[in-house]
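Each chain, written out:
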Amino acid sequence: MCSSDLGHYDKACPLFEKLCKERPSQEECWRGLASSLQMLKRWEEAVLSWKISSFLAVHDPLPLFHTAECFFHMNQKEGACSALFEAKERASLLQGQEEVLSNIHLLTKLVKDA
């Protein structure tokens, strides 16, 4: 990704922050904020937003998977492993999550090998 692309995420963050304040129970707002923060490598802020997203989307494994990615980038193995464990539990309960489960497995291996 070239640096000019990051400007879009930088501009998106304040908009998503406003939406999250106006609609705190709307998971899509938190997901948008978390994604933007993660793309900007603002890992700690992204973790917080992903965690809120995961509480609002109680069956969706993806917010927890992305939480694990952020923890991995911060070299926090324990946080990454915990989020991956929860993501795997959620994905295992749903149909059609083979790709998600595969990604969880790959990231788990990366975390353990780091």
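So, here's what we can say about the structure. (Residues numbered from 1 in each chain as written. Predicted model: local features only at pLDDT ≥ 70, side-chain atom pairs only at ≥ 80, totals over all residues. Heavy atoms only, no water.)

## Concerning the nonpolar core
- With 27 residues, the main nonpolar core has Leu33, Cys70, Leu84, Ile104 and Leu107 as its most contacted residues.
- Sorting the residues of this core by element identifies helix H1 (3-22), helix H2 (27-39), helix H3 (43-56), helix H4 (62-73), helix H5 (77-92) and helix H6 (98-113) as the ones contributing at least two each.
- Once residues lying within four places of it in the same chain are set aside, the contact partners of leucine 33 are Cys13, Phe16, Glu17, Cys20 and Ser49. (Core = buried A, V, L, I, M, F, W, Y, C linked by side-chain atoms within 4.5 Å. Buried < 20%, exposed > 50% of the residue type's maximum accessible area, 1.4 Å probe, protein only. Helix = DSSP H or I, 4+ residues; strand = E, 2+ residues; numbered from the N terminus. Contact = heavy atoms within 4.5 Å.)

## A word on the pattern of salt bridges
- Across all of its chains, the model carries five salt bridges by this definition.
- Here glutamate 22 ties to lysine 18 by a salt bridge, and the two come within 3.9 Å at their closest N and O atoms. Placement of the pair is glutamate 22 and lysine 18 together in helix H1, with a separation of four residues, close to one helical turn.
- Where aspartate 113 meets lysine 109, a salt bridge forms, and the shortest distance between an N and an O atom there is 3.0 Å. Separated by four residues within a single helix, aspartate 113 and lysine 109 lie in helix H6, roughly one turn from each other. (Salt bridge = Lys/Arg side-chain N within 4 Å of Asp/Glu carboxyl O.)

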